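Observations on chain architecture
Each chain is listed here by its residues.
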Amino acid sequence: MHDPDTHPLRQDDPAPLRLDVDDRPDALVLAVGGEIDNTTVDALRAAMDRAVADLDGRHLVLDLAHVEFFGSAGIAVLVEALSGVWATAGSQQPFRIVVDDTRPVLRPIQVSGLENHLRLYSNLADALSGT
């Protein structure tokens, strides 16, 4: 779990959607906070498109631990991103998602059946290591 005092996506940020990119040698981490719905999904989609285009053989880690609402628009972006990662890097380049047991994110993924197609992790360290 992230320390709210040091994490770039602090809970007191008033923006409905917060995005932070951490460009690492082994992975590109896109940390998301706030609400993912029809009003914010375009910003997330654009960030995901840029991330997939910039992978260059690295893993893509989507950190959703600070997401407070995850609607059907979020599910659609996950499906699009998963398809984009497969098309760009093949199935050998996993798309990893940190859900941190966050019910607003985890429950829609489970209900949609996507949990069988996504690699879900409870924290960023595990997602980065792939364990």
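Residues numbered from 1 in each chain as written. Predicted model: local features only at pLDDT ≥ 70, side-chain atom pairs only at ≥ 80, totals over all residues. Heavy atoms only, no water.

Some points on the side chain of Asp37
For the record, the criterion: Labels follow the DSSP assignment, with helices taken as runs of H or I lasting at least four residues and strands as runs of E lasting at least two, numbered in each case from the N terminus. Residue burial is assigned from relative accessible area. The probe radius is 1.4 Å, only protein chains are included, and a residue is buried under 20% of its type maximum, exposed over 50%, and partly exposed in between. None of His or the chain ends enter the tally, which takes Lys and Arg as positive and Asp and Glu as negative. Any Lys or Arg side-chain nitrogen located within 4 Å of an Asp or Glu carboxyl oxygen qualifies as a salt bridge. The definition of a polar contact used here is a pair of N or O atoms within 3.5 Å, where within protein one atom must be able to donate a hydrogen and the other to accept one, and adjacent residues in sequence count solely through side-chain atom pairs. Note on contacts: a residue pair is in contact if any heavy atoms of the two residues lie within 4.5 Å.
In this structure, Asp37 sits in the loop between β2 (27-36) and α1 (41-53). No salt bridge forms around the buried Asp37; measuring N to O, its nearest opposite-charge neighbour Arg45 is 11 Å away. Side-chain polar atoms of Asp37 contact the side chain of Thr39, separated by 2.6 Å. In this structure, Asp37 is in contact with Phe69 and Ala73, ignoring residues within four places of it in sequence.

Some points on helix α3 (residues 103-112)
Put simply, the rule reads: In this context, the arc is that of the directions from the helix axis out to the C-beta atoms.
Those residues of α3 that sit buried are Val105, Leu106 and Ile109. Buried residues along α3 cover an arc of 90° about the axis, so they all sit on one side. More than 90 degrees from the buried face of α3, the exposed residues found are Arg103 and Val111. Within two residues after α3, Gly113 carries a phi angle of roughly 85°, on the positive side.

Some points on the sheet that holds β2
Selection rule: Two strands are said to pair when DSSP picks up at least two bridges between them. Orientation is described by axes fitted as lines to C-alpha atoms, over the contacting stretch for helices, and by angles from 0 to 180 degrees between their N-to-C directions.
Taking strand neighbours across the sheet as the criterion, the 5 strands line up as β1-β2-β3-β4-β5 in an open arrangement whose pairing is mixed. Among the strands making up the open sheet, the edge pair consists of β1 (17-23) and β5 (119-121). The average undirected angle you get between the axes of adjacent strands in this sheet is 20°. In this structure, strand β4 (residues 95-98) lies alongside β5, joined through 3 bridges in parallel fashion.

A short note on the pairing of β4
Each regular strand displays side chains that alternate between the two surfaces of the sheet. Residues Phe95 and Ile97 of β4 are buried on one face, and the alternating residues Arg96 and Val98, pointing to the opposite face, are buried as well. Pairing analysis gives 4 bridges linking strand β3 (residues 59-70) to β4, with the strands arranged parallel. Note that in β4 the partner of Leu62 across the bridge is Ile97.

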